Amino acid sequence: MSSSFLNSLEEGVLLLDAQLGILANNEAASAMLQRESRELVGRPCPSLFPAMPCAHHCRTSGLCTLTPDDGEERKIQDVLIKNADGRERALRVWAMRVPHNAAGVHCTIILRDCSRERELEAEVREHWQLGGLTGRSVQMQDLYQKILRAAASDASVLISGESGVGKELAARALHDNSPRAGGPYVAVHCAALPETLQETELFGHSRGAFSGALTARTGRFEAAHGGTLFLDEIGEISPATQVKLLRVLQEREIVRVGENEARKVDVRIIAATHRDLKAMIAQGLFREDLYYRLCVLPLHIPALRERREDIPLLVGNMLATLAARYARPPLRLSPEAMRRLEAFDWPGNARQLFNCLEYAVVQSDGALIPPESLPPELAALSAAAPAADSAPIRPPPAKPLTRYYAPPPSADEERTAIRDALRAAGGNKAEAARRLGISRTTLWKRLARYPELDSAR
């Protein structure tokens, strides 16, 4: 393999002998690793990437564990290395076995610089996130706008949605984007409070108010003075506490248990529930006047099955969190595993998705999580398309450029396919590449041919 050919490649290339020593490298590899060829040649490959899981296995086994066996998928690992200026560079690494040759080359290590991809993905995530909420779907973008409008107000907010959709994240986003962001944020899970303790927890008590009250205690309303009080699962509070809560909302003052003196409180109330409060009102289980005091600004968090296009984005964020928690290298799902997640209905919503991914991370060893590592209910699931009545309405995905056309597409056909994919993806190049069945790097190269498409929407 000529040096001129190797140096023409964008990817970095390391040629290894049977003992995993570096025989040669190209200019791209030197640039990515910031080392001259004389520093690389003769050096054991594992010593360059001590943070990669494969490095330990390579040193102990004497074999490159990234080289796939016949018929096996490419084994990819991501690694962060530090440049001379201290900034991190993201590299994607894989290996290929080389047939027996006179030069003694046993395998090649391929390096791809993903730093720019990571920067672009970070920019996209900022646009697709509000606080801890994540989503690029129309439903989530609409929710973000409503949260930001509601945050500017001091009116009470009632957040509804199924369990696990992220109601507490929406409450936190409301507080963090409000004029009260510098004040306290106090969360109360009403379902976790026994009925006998609800009043004292919320409003506090004086010394000697009841047996065991050895000292006075500040309630949650007073603790949240000047800030926000989040009442999660508001439908679980008792009728007696509902009456007293209504008075607090009307008068903006509380009375501690065992006292007669009212205390003024300046608190913004955010409540949340997964229950149908209107049905509870009809059954006499929830006060109608309290409901309307709480529901000045209603917010509804859509279920995950109603926004399946957000699943890949959620998965990426959750895997990054789990990789940090378990001290693992960057993690990703195999395409088949992702298809199974997108086909599942997720009755437990985002919380269930996170638990599923944590199970898969614990069950898998490498950076690539196969479908077999998913929980049993997903491991056995076929990757069939979601049911028509639960699938979101969205444009059909573009056909892969590399599979749809035979013979290869003309320039006009290729330009049209890229334009349609970008529009369907809302201008997101990563999503457009997925729809086209090509890598993001390939898409960027093709966009260079058609600069007029780079801003396509």
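No experiment lies behind these values; they were computed from the predicted model shown. Here, residues in each chain are numbered from 1, in the same order as that chain's written sequence. Restriction of local features to residues with pLDDT of at least 70 applies here, the model being predicted, together with a cutoff of 80 or more for giving and counting side-chain atom pairs; totals for whole chains, interfaces and linings are based on all residues. No hydrogens and no water enter the side-chain calculation; it runs on all heavy atoms of the structure.

1. Comments concerning the packing of helix H13 (residues 311-325) against helix H14 (residues 335-343)
Helix-helix packing: each pair is described by the crossing angle between the helix axes and the interaxial distance.
Point 1. All axes are obtained by fitting lines to C-alpha atoms, using only the stretch in contact for helices, and the reported angles, taken between N-to-C directions, cover 0 to 180 degrees. Secondary structure follows DSSP: runs of H or I at least 4 residues long count as helices, runs of E at least 2 residues long count as strands, and numbering of each begins at the N terminus. Two numbers describe how H13 lies on H14: the axes approach to 10 Å, and their chain directions differ by 120°. If you check the angle between H13 and H14, you find them oblique. As for the relative orientation of H13 and H14, their crossing is right-handed in sense. Mapping the contact onto sequence places Ile311, Pro312 and Val315 in H13 and Met338, Leu341 and Glu342 in H14. Any angle between 65 and 115 degrees counts as roughly perpendicular, while under 35 counts as roughly parallel, over 145 as roughly antiparallel, and the rest as oblique. Crossing handedness follows the turn of the near helix against the far one: under a right angle anticlockwise gives a left-handed crossing, and clockwise gives a right-handed one. Contact definition: two residues touch when any of their heavy atoms are within 4.5 Å.

2. Comments concerning helix H18 (residues 411-424)
Point 1. Expected helix span is taken as 1.5 Å per residue step, with the number of steps being one fewer than the number of residues. Taking 1.5 Å per residue as the helical rise, H18 with its 14 residues ought to reach 20 Å, and the 20 Å between its terminal C-alpha atoms agrees with that figure.
Point 2. Once H18 finishes, Gly426 follows within two positions and takes phi at roughly 65°, a positive value.

3. Brief notes about the pattern of salt bridges
Point 1. By convention in these notes, a salt bridge is any Lys or Arg side-chain nitrogen within 4 Å of a carboxyl oxygen on Asp or Glu. As enumerated under the stated definition, the model contains 23 salt bridges in all.
Point 2. A salt bridge links Glu358 to Arg325; the nearest nitrogen and oxygen atoms lie 3.2 Å apart. Of this pair, Glu358 sits in helix H15 (residues 349-363) while Arg325 sits in helix H13; the two residues are 33 residues apart in sequence, bridging distant segments of the chain.
Point 3. Under the scheme applied here, a residue whose accessible area is under 20% of the maximum for its type counts as buried, over 50% as exposed, and between as partly exposed, the area being computed with a 1.4 Å probe on protein chains only. Among the residues examined, Glu358 registers a relative accessible area of 19% and is labelled buried.
Point 4. One salt bridge in this structure joins Glu336 and Arg340, with 3.0 Å as the shortest N-O distance. One end of the pair is Glu336 and the other is Arg340, both in helix H14 and four residues apart, which spans about a single turn.
Point 5. Under the relative-accessibility criterion, Glu336 is labelled partly exposed at 24%.
Point 6. Among the charged side chains, a salt-bridge network with shared partners connects Asp154, Arg180 and Asp266.

4. What about the sheet that holds strand E10 (residues 228-232)?
The strands that make up a sheet pair up through hydrogen bonds in the backbone, lying either parallel or antiparallel.
Point 1. Any two strands are treated as partners once DSSP identifies two or more bridges connecting them. Within the open sheet, the five strands sit side by side as E9-E10-E13-E8-E14. Their pairing is parallel. Because the sheet does not close on itself, it has two edges, and the strands there are strand E9 (185-189) and strand E14 (297-300). This sheet shows a mean twist of 20° between the axes of neighbouring strands, independent of strand direction.
Point 2. Bridge count between strand E8 (residues 157-160) and E14: four bridges; the pairing is parallel.

5. Topic: the side chain of Thr228
Point 1. Along the chain, the position of Thr228 falls in strand E10.
Point 2. We define a polar contact as two N or O atoms separated by no more than 3.5 Å, with the added condition that, inside protein, one atom must be a possible hydrogen donor and the other a possible acceptor, whereas residues neighbouring each other in sequence contribute only through side-chain atom pairs. A distance of 2.8 Å separates a polar atom in the side chain of Thr228 from a polar atom in the side chain of His175.
Point 3. Not counting residues up to four positions away in its chain, the partners in contact with Thr228 are His175, Arg180, Pro184, Tyr185, Val186, Val267, Arg268 and Ile270.

6. A look at the nonpolar core
Point 1. Each nonpolar core is a collection of buried residues, namely Ala, Val, Leu, Ile, Met, Phe, Trp, Tyr and Cys, held together in the definition by side-chain atoms within 4.5 Å. Within the largest apolar cluster, 29 residues are counted, with the highest numbers of intra-cluster contacts made by Phe221, Leu229, Leu231 and Ile234.
Point 2. Put simply, the parts of the chain that give this core at least two residues each are E9, helix H8 (195-203), E10, helix H10 (239-251), strand E13 (268-273), helix H11 (277-282) and helix H12 (288-294).
Point 3. The leading source of residues in this core is H10, at four residues.
Point 4. With near-sequence residues (within four places) excluded, Phe221 lies in contact with Leu202, Phe203, Leu229, Leu245, Val248, Ile254, Val265, Val267 and Ile269.

7. Digging into the pairing of E10
Point 1. Of all five residues making up E10, five are buried, and the element is well covered by its neighbours.
Point 2. Burial of E10 is two-sided: the residues Thr228, Phe230 and Asp232 facing one way and the residues Leu229 and Leu231 facing the other way are all buried.
Point 3. Where E9 meets E10, five bridges bridge the pair, whose relative direction is parallel. For Tyr185, the partnering residue across the bridge sits in E10 and is Thr228.
Point 4. Pairing of E10 with E13 involves five bridges; the strand directions are parallel. Each residue of the ladder has a partner; that of Leu231, found in E13, is Ala271.

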